[in-house]
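The primary structure of each chain is shown beneath.
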Amino acid sequence: MTVVTLGVHIVDVLARPVESIPEGQDTHLLEQIRITAAGAAAGTAVDLAKIGLPVASAGAVGDDELGDFLIMIMARHGVDVTGVVRKPGEQTAASILPIRPDGGRPSFHVPGANLGLSLADLDKARITGASALHLGGMDVTWGLHDPAFFALLDEARAGGTVVTMDLLSNMPDLVAGARTFLPHVDHVLPNEEQALMLTGADSVEEAAAALLGEGVASVVVTLGGEGSLVATSGGHTRIPALDVPVVDTTGCGDAYCAGFIAGLLDGRDVVGAARLGTAVAARVAGGLGSDAGLDGLDPATL
């Protein structure tokens, strides 16, 4: 049951704990620095591989050292990276994240090659043959805002592929553009800010109802420390976050998506899949980086 993650690929450089930026040429000593494969497609792919699912990733990186690293580290974790294309002359997307003592994560970001991903870069047979297809960051992969790509999604779904979608940005114009994907998606997993931007609603419950009206089977709104809201035609369910010491919130949304997908493929209902997503995200929050705490994790134990 192969999962394909399609969309944003980013190299994250993380450091903790950072309370301030040093003045001038001063140096602050830290406890930890990591470099990881991240982004709504790459990060989710690594998490899926770490919890034992066969996964292939599709996206675009630059023909540069960061791209070399990203492909190497994903492959090392067990992700099939043959669908990640190199874009000559472009930089691989990257972020620098100084992690605050409370786990907060301001960022410095270069969008890079993600902006150039297009339908021509994709292996259509791999997409239509996947058990699940996760769209990660359709708000910033503008080349996929294409009726031909929507038709490919419909073809995949008609053949039994489950399609999930997560977003990346918090920019209103970009988030609004992702709404065109909703009629072609089974499950959408925005965070609270994104859900409100997508719909113009005043509450997450109203936002979820509006998104269900676009034709998706479920809406899962992640709420940070407040947990998540799962909405289907049968009603709304609140799932509390697990009470864990938070080191870094980077990638918790990607981890939630990985757990959610794993739950669906394991035969759990949407609420059960969301509970598994909650547990996987909690493990990631306990360490530095978007794949922290997942080595050797068996989702059947969660």
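The rules we used
Residues numbered from 1 in each chain as written. Predicted model: local features only at pLDDT ≥ 70, side-chain atom pairs only at ≥ 80, totals over all residues. Heavy atoms only, no water. Phe/Tyr/Trp six-rings, centres within 6.5 Å; stacked < 30°, edge-to-face > 60°. Helix = DSSP H or I, 4+ residues; strand = E, 2+ residues; numbered from the N terminus. Buried < 20%, exposed > 50% of the residue type's maximum accessible area, 1.4 Å probe, protein only. Contact = heavy atoms within 4.5 Å. Pairing = 2+ DSSP bridges. Axes fitted to C-alpha atoms, helices over the stretch in contact; angles between N-to-C directions.

Student: What exactly am I supposed to notice about the packing of aromatic side chains here?
Tutor: Given two aromatic rings, their pairing is described by the distance between the two centres and the angle made by the two planes. All chains considered together, the criterion is met by two aromatic pairs. Centre to centre, the rings of Phe149 and Phe181 are 6.2 Å apart; their planes meet at 65 degrees, and the pair counts as edge-to-face. A residue pair is termed long-range when its members are at least 10 positions apart, and Phe149 in helix 4 (residues 147-158) and Phe181 in the loop between helix 5 (172-177) and strand 10 (187-188) qualify at 32 residues. Residue Phe181 is classed as buried on the basis of its relative accessible area of 0%. Among the aromatic residues, those joined into a ring-pair cluster are Phe149, Phe150 and Phe181.

Student: What should I look at first to understand the environment of Leu212 in this one?
Tutor: Residue placement: Leu212 occurs in helix 7 (residues 204-212). Taking the C-alpha atoms as reference, Leu212 lies 15 Å from Asn191; in sequence the two are 21 residues apart. When near neighbours in sequence (up to four residues on either side) are disregarded, Leu212 contacts Ala217, Ser218, Val219, Ala231, Thr232 and Ser233.

Student: Mind showing me how you'd approach the sheet that holds strand 7 (residues 108-110) here?
Tutor: Within a sheet, each strand pairs with its neighbour through backbone hydrogen bonds, oriented either parallel or antiparallel. The strand order 3-2-6-7 describes an open sheet built from four strands, whose pairing is mixed. Whereas interior strands pair on both sides, the edge strands pair on one side only; in this sheet they are strand 3 (32-38) and strand 7. Averaged over neighbouring strand pairs, the angle between their axes works out to 10 degrees when direction is ignored. Of the pairings in the sheet, the one linking strand 2 (residues 10-16) to strand 3 comprises seven bridges and is antiparallel in character. The residue bridging Val13 from the neighbouring strand is Ile35, located in strand 3.

The quantities given are spatial measurements derived from coordinates; they are silent on function.
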